[in-house]
Amino acid sequence: MDPDESSTEIDEGLYSRQLYVLGHDAMKQMKTSSVLVSGMRGLGVEIAKNIILGGVKQVTVHDEGKAEWNDLSSQFYLTVDDIRKNRAKASEQRLAELNSYVPVSSYTGKLTEDFLRQFQVVVLTDSTLEEQLRIGEFCHNQNIKFIVADTKGLFGQLFCDFGEEFTVIDKNGEEPQTAVITWITKGNPGLVTCMDEAWHGFQPGDYVTFSQVQGMTELNNCTPIEIQVNDPYSFFIGDTSDFSDYEKGGIAMEVKMPQTLMFKSFGEALKEPKYQVSDFGKANRQGTLHIAFQALHQFVKDYSQLPKPWGKTDADVLVTIANKLSENDPSILNESPLDEELVRKLAYVAMGNLSPITAFIGGIAAQEVMKVKPRIVMRGCRYDGQIAIFGAEFQEKLKMQKYFLVGAGAIGCELMKNFAMIGLGAGEGGSITVTDMDTIERSNLNRQFLFRPGDITKMKSEIAAAAVRKMNPSLQIIAHQNRVGPETENIYTQDFFENLNGVANALDNVETRRYTDSLCVLYQKPLLESGTLGTKGNFQVVIPHLTESYSSSGDPPEKFIPICTLKNFPNAIEHTLQWARDEFEGLFKQPAENVHKYLEFDPKNHVHMDYIMAAANLYAQSYCMQGSQDRAAVQQILLSVDVPPFSPKSGVTIHTNDAEMEDAASFAENERLLQLKNLLSSCKNFPGCKMQPLDFEKDDDTNFHMDFIVAASNLRAENYDIPAADRHKSKLIAGRIIPAIATTTAAIVGLVCLELYKVVQGDKPITAYRNGFFNLALPFYAFSEPVPAGKQKYRDKEWTLWDHIDVQGIKPNGEEMTMAEFLDYFKKVHDLEVTFVCRVPQILYATHMRQEVKEKHLSQRLSEIVTTLSKENIEEHVKALKLEIDFRTEEDDVNFPFIFYQFR
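As the structure is a computational prediction, the values presented were derived from the model and not from experiment.

Trainee: Looking at this structure, I do not really get the overall build of the chain. What am I missing?
Mentor: Counting secondary structure elements, the chain contains 28 helices and 30 strands. For the chain, with 904 residues in total, the buried portion stands at 51%. Of the roughly 43400 Å² of accessible surface on the chain, 50% is carried by carbon and sulfur atoms.

Quick look at the structure:
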């Protein structure tokens, strides 16, 4: 597709994950938006990066200033060679490389009204209050969407004006809820009762419509009805007194109703700010910040510079200005006193410039576009913006950090960008090790901004590492292509982990998250954990001996579909798609004898032909035969095939619960395995007969996998009067795709890296750290202190999950202790009579063992027992064994700390 064409057609291969967040309509609307981003320091380039990846019509970046050393703290597209060059001009080309569909231009002149008229959205960063007021009033009058975003050190602000009549189509960005109905009463109001297997998920004020209702058919396809929730399994829908009697069945479906919002202009909002205050009980905090930023503008106007870093005199001046502003308009603080200490903190750090802060505020701003210390001396280096806040000593500490980054996808790319900006591991003694076994796909380009079209099929970790080295040539980054798991413990050894300062997860699966978390607990390393789902993001900081670990609290269970629902009672497209996935596995991982048995086949029906074309080509692949794309030729062949009419079997049992289904499935699986065995036996007589299992791959549009899934699912949906789903939605559900968008990723990583600062500083109480969750679609932000590590106690001993007992298994004479000596050690040192020793899954000792086995183990070295039981030598890199013990105790359920047994 020509990048310059104005068509609203959407490249689903590129934007697939974002489409699952925003939808086609919102994406098409974005493709008509011309956006101006003024100010190309760290915040401006972050916003521009996110909206270019998002796919707007065009972006113009503006800046009248020249790059300074201080900019390099967060402006990842400026280099040392760009110092004293115009920031917009220097950034233009690198921004343009992000997305070939979005033209990017730069502008270095004054922002006149004639120039502003060409844009649908104007974003101001790094601007004066006078300019914000002037441009804000003009944009409001011209119905141009207007955003002000700013960061000052550890502080940030954001303002949006989307006009006096802005329609919101989807208030929360969630998929519409559906619920299966079991009863509807006649009354005013009528009560709808849903299946008690799952909550209906509706909220008060939601609107629903109905389908498949038998009896009370007046509800089917009715205009949306506002509901009132009664409990998690029922809701009221208004007057049903005159409706027909309800008989059975029915689906309730949520309908998203549009809302119209009215925005004030920037000047009006400045005079009458409205805040939703919930900041740890400090009701005047947001009002103080509102005044403090105005005072900061006045300070710059009076003194032509920001307050000096950690300068007490300048801080006192800013407090004086803020107090005068609060006296002139006491309503802003709701008659509360000004929080002078907060104003001083702003003064101390206002000259600073942090990449994580710009990432967080920039992520939010871009989403709105789519929808007492010593005085610091500047050094003239790329980290000046950070040094202005934390000092040079802390900067050196950051550079010496050794971190392990697991994953180089969307979150991984953003983390590496921030690591490069803040200088993590950028000293000679520091390092970043990143590993990811995946290659780059086209759909990655939409949100994993370190990759370009020419990088497709290359390794993610290598390309990402090379990209961030260009941002900061001092970054000591090493790229691996390994999965992190038991199979790579010879690479990520005890020595490797003990040499680290911390670990950051950038993963999309719980299994590897838990495994990495277990290693961090074992080797007592901090872990930064985060994840995204569409516009929602969450992050967690795990600190040894202070917080619980990631695995301490279980993730909410995944929704599952009962087998009997899949097989006999489907009522939603999700059910038919899961059924189609199961069919795919059964048919193309194992041979099937008759694919047409239950189809009244019609070659003129395009859905029937879709099924046959996909299935036939998949079978051809299974048997290493040449397939065919010639639909007409296949149709002619099929017209000559005699398909026997379908006749239902008599005496068939319809299973109504999962237990019955599992028993039947077990019998069917045995039958299928027997058929497969017979088929393979017969194939021995035919040397050319080969088979290969087909693993489901959703992103290859030429392999017929999704063609089969879509056709099979929609055919089954047709049988049960379920609305069909298009290929895009089917891929989301059947492929279990996690929706993703660049803005959420940028914002969550900004928050993660703010916690990273605290981790590197160290020796902080648990109250200093934050876990958090947000939803940019609402918007909603929630932060909390981490949960403390749970304590256990036995006698006078107390421990948490972070504690373990180190046992030196090598005696002074150089020999390893025996099991008898190991047991004796615990009796003498810990006064414990050990009754059980294991290295999962091997039981090394137990008092209930047969006497001859027990006596043999007591005389053997522990490593010798492990080798004997596993029938394998312990690998050379393993220096210690993780053991679990039990002992005789007068108390129940004492989970003693694990044992770290050093035998080398």
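Trainee: Would you mind going over the environment of Asn446 with me for this structure?
Mentor: Mapping Asn446 onto the fold places it in the loop between strand E17 (431-435) and helix H15 (460-471). In this structure, the C-alpha to C-alpha distance between Asn446 and Ala742, residues 296 residues apart in sequence, is 7.4 Å. Not counting chain neighbours up to four residues away, the residues in contact with Asn446 comprise Leu14, Tyr15, Gln18, Leu53 and Ala742. A distance of 2.6 Å separates a polar atom in the side chain of Asn446 from the backbone oxygen of Leu53.

Trainee: Is there a simple way to explain the packing of helix H11 (residues 355-370) against helix H25 (residues 742-761) in this structure?
Mentor: Packed helices, taken two at a time, are described by their axes: the angle between them and the distance between them. Their axes nearest at 7 Å, the elements H11 and H25 cross at an angle of 160°. Looking at the two axes, H11 sits roughly antiparallel to H25. You can see that H11 and H25 cross each other, and the crossing is left-handed. In this structure, H11 uses Pro356, Ile357, Ala359, Phe360, Gly363, Ile364, Ala366, Gln367 and Met370 to contact H25, whose residues at the interface are Thr743, Ala746, Ala747, Gly750, Leu751, Cys753, Leu754 and Tyr757.

Trainee: What exactly am I supposed to notice about the sheet that holds strand E27 (residues 834-839) here?
Mentor: Picture the strands of a sheet paired through backbone hydrogen bonds; they go either parallel or antiparallel. Pairing within the open sheet is mixed, and its five strands lie in the order E26-E30-E29-E27-E28. The sheet is open, and its two edges are formed by strand E26 (805-808) and strand E28 (842-846), each paired on a single side. Neighbour-to-neighbour, the strand axes of the sheet open up by a mean angle of 30°, direction not taken into account. The pairing of E27 with strand E29 (residues 880-887) spans four bridges and is antiparallel.

Trainee: Help me out: how do you make sense of the nonpolar core in this one?
Mentor: What tends to happen in soluble globular proteins is that the nonpolar side chains get buried as a cluster. Counting 126 residues, the largest nonpolar core has Leu95, Leu415, Phe419, Leu424, Phe449, Leu450 and Met471 as its most contacted members. The dominant element in this core, judged by the number of residues it contributes, is H25, at 12 residues. Non-local contacts of Leu95, meaning those with residues more than four positions away in its chain, are made with Met40, Val45, Ala48, Lys49, Ile52, Val61, Tyr77 and Val104. Within the second largest apolar cluster, 33 residues are counted, among which are Met613, Ala614, Ile709 and Ala725.

Trainee: I'm lost on the pairing of strand E23 (residues 780-784) in this one. Help?
Mentor: Side-chain direction in a regular strand flips from residue to residue, so the side chains alternate between the two faces of the sheet. Here strand E22 (residues 771-775) runs beside E23; their pairing, made up of five bridges, is antiparallel. Within E23, the position partnered with Asn775 by the bridge is Phe780. Turn length for the E22-E23 hairpin, with the two strands adjacent in sequence and antiparallel, is four residues.

Trainee: Would you take a moment to explain the pattern of salt bridges for this structure?
Mentor: If the charged atoms of two oppositely charged side chains come close together, the side chains can form a pair. The tally for this structure, following the rule as stated, stands at 42 salt bridges. With a shortest N-O distance of 2.6 Å, Lys417 and Glu46 are connected by a salt bridge. The two residues Lys417 and Glu46 agree in class, both being buried. Of the charged contacts, one joins Glu833 and Arg888 as a salt bridge, the two residues approaching to 2.4 Å between their closest N and O atoms.

Trainee: I'm lost on the packing of helix H14 (residues 410-422) against H15 in this one. Help?
Mentor: Put simply, H14 and H15 touch, their axes get as near as 9 Å, and they point 30° apart. If you check the angle between H14 and H15, you find them roughly parallel. Crossing handedness for the pair H14 and H15: right-handed. In this structure, H14 uses Met416, Lys417, Ala420 and Met421 to contact H15, whose residues at the interface are Ala464, Ala465, Val468 and Met471. Class assignment of the residues belonging to the contact of H14 with H15 gives a composition of seven nonpolar, no polar and one charged.

Trainee: Just checking my understanding: could you explain the environment of Ala846 for this structure?
Mentor: By secondary structure assignment, the location of Ala846 is in strand E28. Ala846 sits in the buried class, given a relative accessible area of 0%. Between the alpha carbons of Ala846 and Phe836 there is a distance of 4.4 Å; along the sequence they are 10 residues apart. When near neighbours in sequence (up to four residues on either side) are disregarded, Ala846 contacts Thr835, Phe836 and Lys854.

Trainee: What's the story with unusual backbone geometry in this structure? I'm lost.
Mentor: Most peptide bonds adopt trans geometry, and most residues besides glycine take a negative phi value. Cis geometry is adopted by the peptide bond preceding Pro189, which originates at Asn188 and carries an omega value of 10°. Along the chain, Pro189 turns up in the loop between strand E8 (178-184) and strand E9 (191-194). Note that the residue after Val840, namely Pro841, is joined by a cis bond; omega there is 5°. Examined against the element boundaries, Pro841 turns out to sit in the loop between E27 and E28.

Trainee: Looking at this structure, how should I read a nonpolar patch on the surface?
Mentor: A contiguous nonpolar surface patch, about 260 Å² in accessible area, is contributed by Phe773, Leu778 and Phe780. In this fold, Phe773 is placed in strand E22. A relative accessible area of 33% means that Phe773 is categorised as partly exposed.

Trainee: Any chance you could explain H25 here in plain terms?
Mentor: Because the α-helix completes a turn every 3.6 residues, residues three or four places apart line up on one side. Given a rise of 1.5 Å per residue, 20 residues ought to cover 28 Å, and the 29 Å separating the end C-alpha atoms of H25 matches this to within 8%. Gly762 sits one or two positions beyond H25 and adopts a positive phi of about 70°.

Trainee: Explain the environment of Val168 to me, please; I cannot follow it from the model alone.
Mentor: Its place among the elements puts Val168 in strand E7 (residues 166-168). By relative accessible area, which is 18% here, Val168 ends up buried. Taking the C-alpha atoms as reference points, Val168 and Pro258, separated by 90 residues in sequence, lie 5.5 Å from one another. Setting aside residues up to four positions removed in sequence, Val168 forms contacts with Met257, Pro258, Gln259 and Leu261.

Trainee: Any chance you could explain the sheet that holds E8 here in plain terms?
Mentor: An order of E11-E10-E14-E8-E9-E13-E12 is seen for the seven strands of this open sheet, with the pairing classed as antiparallel. Each end of this open sheet is capped by a strand with a single partner; those strands are strand E11 (225-226) and strand E12 (228-231).

Trainee: How should the packing of aromatic side chains be read in this particular structure?
Mentor: For any two aromatic rings, the description comes down to two numbers: the centre-to-centre distance and the angle of the planes. Tallied over the full model, the rule gives 36 aromatic pairs. Centroid distance Phe162 to Phe166: 5.0 Å. Interplanar angle 55°. Geometry classified as tilted. Residues Phe539 and Phe783 carry aromatic rings whose centres are separated by 6.3 Å and whose planes lie at 50° to one another, so their mutual orientation is tilted. Placement of the pair is Phe539 in strand E21 (residues 536-542) and Phe783 in strand E23, with a sequence separation of 244 residues. Of the aromatic side chains, those joined through ring pairs into one cluster are Phe404, Tyr492, Phe496, Phe497, Tyr523 and Phe900. The cationic tip of Lys49 hangs over the ring face of Phe449; the distance from NZ or CZ to the ring centre is 4.6 Å. One residue, Lys882, lies across the ring of Phe898, its end atom 4.7 Å from the ring centre.

Cut-off values and rules
- Residues numbered from 1 in each chain as written.
- Predicted model: local features only at pLDDT ≥ 70, side-chain atom pairs only at ≥ 80, totals over all residues.
- Heavy atoms only, no water.
- Helix = DSSP H or I, 4+ residues; strand = E, 2+ residues; numbered from the N terminus.
- Buried < 20%, exposed > 50% of the residue type's maximum accessible area, 1.4 Å probe, protein only.
- Areas by Shrake-Rupley, 256 points an atom, 1.4 Å probe, with all protein chains shown as cover.
- Contact = heavy atoms within 4.5 Å.
- Polar contact = N/O pair within 3.5 Å; in protein donor to acceptor, adjacent residues only side chain to side chain.
- Axes fitted to C-alpha atoms, helices over the stretch in contact; angles between N-to-C directions.
- Parallel < 35°, antiparallel > 145°, perpendicular 65-115°, else oblique.
- Left-handed = near helix turned anticlockwise from the far one by under 90°.
- Pairing = 2+ DSSP bridges.
- Core = buried A, V, L, I, M, F, W, Y, C linked by side-chain atoms within 4.5 Å.
- Salt bridge = Lys/Arg side-chain N within 4 Å of Asp/Glu carboxyl O.
- Nonpolar A, V, L, I, M, F, W, Y, C, P; charged D, E, K, R; others polar.
- Patch = residues over 30% accessible without salt bridge, like charges linked within 9 Å, V, L, I, M, F, W, Y side chains within 5 Å.
- Expected span 1.5 Å × (residues − 1).
- Phe/Tyr/Trp six-rings, centres within 6.5 Å; stacked < 30°, edge-to-face > 60°.
- Lys NZ or Arg CZ within 6 Å of the ring centre and 35° of its normal.

What is shown is where atoms sit, not what they do.
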